[in-house]
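Summary of the model geometry
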Amino acid sequence: MSEIPAKATESEDPSEGARAMATDGLASAVGGALAADGVQPGDAMWQSSPPGSIYDYIKVASFSIGPDGLVDQWSLRAEHLFGIPADRAVGMDPIETFIDPRHRERGMRKMAEILDGREWTGVVPFRMPKGVEGECGSEGLAEVYVMPTRTEDGEKAAVCIVVDVRTLRSIETDLAASQAIFSQSPFGFLLIDPDLRVRRVNQRFASIFGGSPDDHRGKGVHDYLQRGEAERVAATLRRVLETGSSITDMHVTGFVPGSDERRHWSVNLYRVHSGSGRPIGVAWLGIDITARRAAAREAAAARRNLALLNEAGARIGNSLDLETTARQLLDVVVPGFCDLATVDLYQGLLVGDETPPGLADGSGELRRVAFASAVSDAPFAGTGVPVAVGAVHHYPFNSPCADALRTARPQTVPGEDGGLVQSTLAVPMVAHDTVVGLVQFARTKGSEPFGDRDRDLAVELAARAAVCIDNARLYRREHERALILQRSLLPPGDPEASGLDIACRYLPGNANTGRPSEVGGDWFDVIELPGHRTALVVGDVMGRGLRAAVAMGELRTAVRTLAQLDLEPAEVLSQLDEIARGLGAPGGVQQATRAARRPREADLSEVYLATCVYAVYDSVTRRCTFANAGHLPPVLVEPGESALMLDVPPGLPLGVGGEPFEEVEVELPEGALLALYTDGLVESRDHPLDEGLQAFVSTLSDPTQPLEDVCDHVLNTLDTHHGEDDIALLMARVQGLPTESVGDWTLPREPRSVGRAREYARAQLLSWDMEPLVDTTELLVSELVTNALRYGEGEIRLRLLLDRTLVCEVWDSGLVQPRRRRARDTDEGGRGLQLVGLLSAAWGSRRTPRGKTVWFELPLPGGETSLTDPAEALLSLF
């Protein structure tokens, strides 16, 4: 309350009764307000509390005026209001000091009336006297209540109560605005006292928790929130009261009366102070964010699902292996989407069947190809008996999994009582309207159950994986077919050749990398030629896949055909070049030849290019003739010498055309090692070609080892695991035909030479202990020498070669090749070559630099092929 001077006494003016009534009314109003707050008026009259009421906000002061009209007492609040200390104020004339000169006359009259004993109330403009600190001559407006009194001597005096009107009007405006904000706020507004009891709530809060605002007075946070949440909030309120630090966006969870739905609020807390700065409580401003939290969860779930789909797109399908693709799916979903997962694929799909079995009823055989768990390594048992990875099984007809496979729709399988799994989503893997398998996503108990959004996500993930698995299946099918084709076109087993020890290796691309391999166009071949000669071929069709494998097969077939014509190596490559150009032209070789004279406008995808090295080795002379079409040079290792690359002119690749090929003839010493290879052996991204060639040459340091060991040593030493290209390696050790296995004679061009040839042949065969071949050989030698005398030219040369078979060759200088024809029954001659064809295992003729050679071949006694009886052969001619 404002201070009242101790000298003031009650007035005897008749107006005292009115003032007493007014005082009684004020007391009644105050008492009613106190009673509303739970305090009895009688008790409140004796309460002693520090200042902290409305008087902290409005400027109220009091002073007294003596009989002489001067200030005789000055309160502390007057000092604060006017800024004049008491020792200076006492004795001042209030009219002269505070009233503007324009109003002093009227002020003097009012002062006279007051000192005459009249009570007065009014609004008076005033100004601060100059020299006062702070205000220094400023003006103000005060409401003054003057009450006449008497001094101890009975003289008339007055007590003045002054209120700053402007401050009062400002408080009234602020109070009205605060009341409007508090009552009309769309947010829950509470005022909590230092005892953490609700002092006041607004209508918005009351509408949510029921009742009127007055019904919530005196309640605590435990009346609204569950115990754990209430204790957390209470601790926060105490901290705000103690520290004064505000709390922004504190999330509070609870329930409202009459609803089981969990609600979420965002609460802002700040400490509230009185006008004197004393903390009087905490203001609580809350907003319901349940819908916002739900929307945020939905958005977070959508972002999580989108991120999962992005991850699936990035990680699934990087491999063309079925099992790897299935494992990639599980790596994405565990544990981000579920706790356990399995993938089952139809067994028929894995073994290469065109259509997976069991699609009609969903109970076909499946193989479990992948399993992943974030909680246990035990086999997944969410939908029945546990199945180990790699096991073949099937689902019963009436099971949810079989129904999912049958209908191509996902099924939800609840977990078993007492088990680990809460629920399982069985989702069929559908690709191009074909069910290829089943994926199961399971969540353990305690996890969030699967919702509709999870179901849609699971279907999308399974569909993406199914497409990748189907692509892998199609690739595997194409790859296996291409590989079968390629394997069928390569020499079966270990090739054999006269005068050569052969060893070979072939590795498809990616064969050692763990990734699905793709066939290429690398090939090698060992072709036996007449006269115990051998053609060695290594080639590489540019490109990969089925197209390259088919082109390789056509070129290999062409090489074998051309080799049987006994053409020179350079001529073989020239013919092969024409064939390669014909592979990319619709009209074949002739169309390709005509197109070569015009600017090439064909699609580059139809151009077939290949490199090839073709070598012909003669086991009698140990000479080898090489021709190269853009291929890597052969490597030769002579006994006791370092390996070296033969200087064979590379020429242009097959399919380019326009340039002839050159030949190089090299004499190979006994025991020499010859290596032909493709670029996959010596070149990769990490190793340049020159470095790879040098490494390959250095691995051939000990050619005396068995050829199989040498091949293994080369592949184990070099970087053959890059998987970027096929690798073909053909190695041959020279083992020339011994001199004693060769019989060579020159015969003059005279009739006696026929008999002499028979004698030479008989004597040589007997020396070789080949008596069973004598009669047949004599007969056939007689026929060939007779033909050479009749149709050939120049000297006649007879040569017998003994190796795995017996070969007889008759040479002459004539260029006309013998042609076999069927003689008529009336013809006396013309049956010699027919007889040769009947009695020999093989026969033929070839051109030589100085004429031609006609030859035949007989199997050795005791071999798999038996000799033909000459008598039966002669009878079969007639």
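Let me begin by describing the structure that accompanies this report.

Conventions adopted
Residues numbered from 1 in each chain as written. Predicted model: local features only at pLDDT ≥ 70, side-chain atom pairs only at ≥ 80, totals over all residues. Heavy atoms only, no water. Helix = DSSP H or I, 4+ residues; strand = E, 2+ residues; numbered from the N terminus. Buried < 20%, exposed > 50% of the residue type's maximum accessible area, 1.4 Å probe, protein only. Contact = heavy atoms within 4.5 Å. Areas by Shrake-Rupley, 256 points an atom, 1.4 Å probe, with all protein chains shown as cover. 1 Å grid on protein atoms, 1.4 Å probe; cavity = no way out; pocket = protein on both sides within 12 Å on 5 of 7 lines; lining within 4 Å. Points joined across faces, edges and corners; volume = space filled by probe spheres on them. Nonpolar A, V, L, I, M, F, W, Y, C, P; charged D, E, K, R; others polar. Lys, Arg positive; Asp, Glu negative; His and termini not counted. Salt bridge = Lys/Arg side-chain N within 4 Å of Asp/Glu carboxyl O. Polar contact = N/O pair within 3.5 Å; in protein donor to acceptor, adjacent residues only side chain to side chain. Disulfide = S-S within 2.5 Å. Arc of directions from axis to C-beta. Pairing = 2+ DSSP bridges. Axes fitted to C-alpha atoms, helices over the stretch in contact; angles between N-to-C directions. Patch = residues over 30% accessible without salt bridge, like charges linked within 9 Å, V, L, I, M, F, W, Y side chains within 5 Å. Charge placed at Lys NZ, Arg CZ, Asp CG, Glu CD. Expected span 1.5 Å × (residues − 1).

**Here we look at the overall build of the chain**
From N to C terminus, the chain includes 23 helices and 31 strands. Considering the chain as a whole, with its 878 residues, one finds that 45% of them fall into the buried category. Across the chain, the fraction of contacts at a sequence separation of at least 24, relative to all contacts at a separation of at least 6, is 61%. Surface exposure of the chain reaches about 44,500 Å², of which carbon and sulfur atoms provide 51%.

**Here's the deal with the layout of surface pockets**
By volume, the second largest pocket amounts to about 850 Å³. Asp618, Trp811, Arg846, Thr848 and Pro849 are, among the 30 residues lining the second largest pocket, the residues nearest its centre. Of all the secondary structure elements, the ones that give two or more residues to the lining of the second largest pocket are β20 (610–618), β21 (623–629), β24 (663–667), β27 (742–747), β28 (796–802), β29 (805–812) and β30 (842–848). Classifying every residue of the lining of the second largest pocket gives 9 nonpolar, 6 polar and 15 charged.

**Some words on the side chain of arginine 733**
Tracing the backbone through its elements, the reader meets arginine 733 in strand β26 (residues 727–734). It is aspartate 501 that comes nearest to the buried, bridge-free arginine 733 among opposite-charge side chains, at 4.0 Å. Within the structure, the side chain of arginine 733 is placed 2.6 Å from the backbone oxygen of glutamine 705, a separation counted as a polar contact. When residues no more than four places from it in sequence are discounted, the contact partners of arginine 733 are Gly499, Leu500, Asp501, Gly671, Ala672, Leu673, Pro703, Thr704, Gln705, Pro706 and Leu707.

**So, the side chain of glutamine 764**
Relative to the elements of secondary structure, glutamine 764 occurs in helix α20 (residues 752–767). Not counting the four nearest positions on each side in its chain, glutamine 764 is found in contact with Glu740, Gly743, Trp745 and Leu800.

**Focus: the state of the cysteines**
Inspection of every chain in the model, using the stated rule, returns 0 disulfides. Unpaired in terms of disulfides, cysteine 711 finds its nearest cysteine sulfur in cysteine 504, a separation of 7.4 Å. Cysteine 711 gets classed as buried once you look at its relative accessible area, which sits at 0%.

**Looking at helix α19 (residues 707–717)**
Of all the residues in α19, the buried ones are Leu707, Val710, Cys711, Val714 and Leu715. The buried residues of α19 occupy one face: seen down the axis, they fall within an arc of 130 degrees. At its buried positions, α19 is contacted by β17 (500–507), β25 (673–677), α18 (689–699) and β26.

**Observations regarding the sheet that holds strand β31 (residues 851–859)**
Spatially, the 5 strands line up as an open sheet ordered β27-β28-β29-β31-β30, and their pairing is antiparallel. Two strands bound the open sheet, and with one partner strand each, they are β27 and β30. Geometrically, the sheet is characterised by an average inter-axis angle of 15 degrees between neighbouring strands, direction not taken into account. With 6 bridges connecting them, β27 and β28 associate as antiparallel partners. When the bridges of β28 are listed, valine 742 appears paired with leucine 801. Of the strands in this sheet, β27, β28 and β29 are in contact with α20, which crosses β27 at around 165 degrees.

**Looking at a negative patch on the surface**
A cluster of acidic side chains, namely Asp68, Asp72, Glu152, Asp153 and Glu155, defines a negative patch on the protein surface. Positionally, glutamate 152 belongs in the loop between β4 (139–150) and β5 (156–164).

**A short note on helix α7 (residues 165–184)**
Compared with the 28 Å implied by 1.5 Å per residue over 20 residues, the 28 Å span of α7 between its first and last C-alpha is a close match. Listed as buried for α7 are Val165, Thr167, Leu168, Ile171 and Phe182. End-on view of α7: buried residues confined to an arc of 155 degrees, all on one side of the axis. For α7, exposure combined with an orientation more than 90 degrees from the buried face picks out Arg166, Thr173, Ile181 and Gln184. Where α7 is buried, its residues meet β3 (120–127), β4, β5, β6 (188–192) and β7 (198–201). Looking at where α7 begins, the residue whose side-chain oxygen comes 3.2 Å from the main-chain nitrogen of arginine 166 is aspartate 164.

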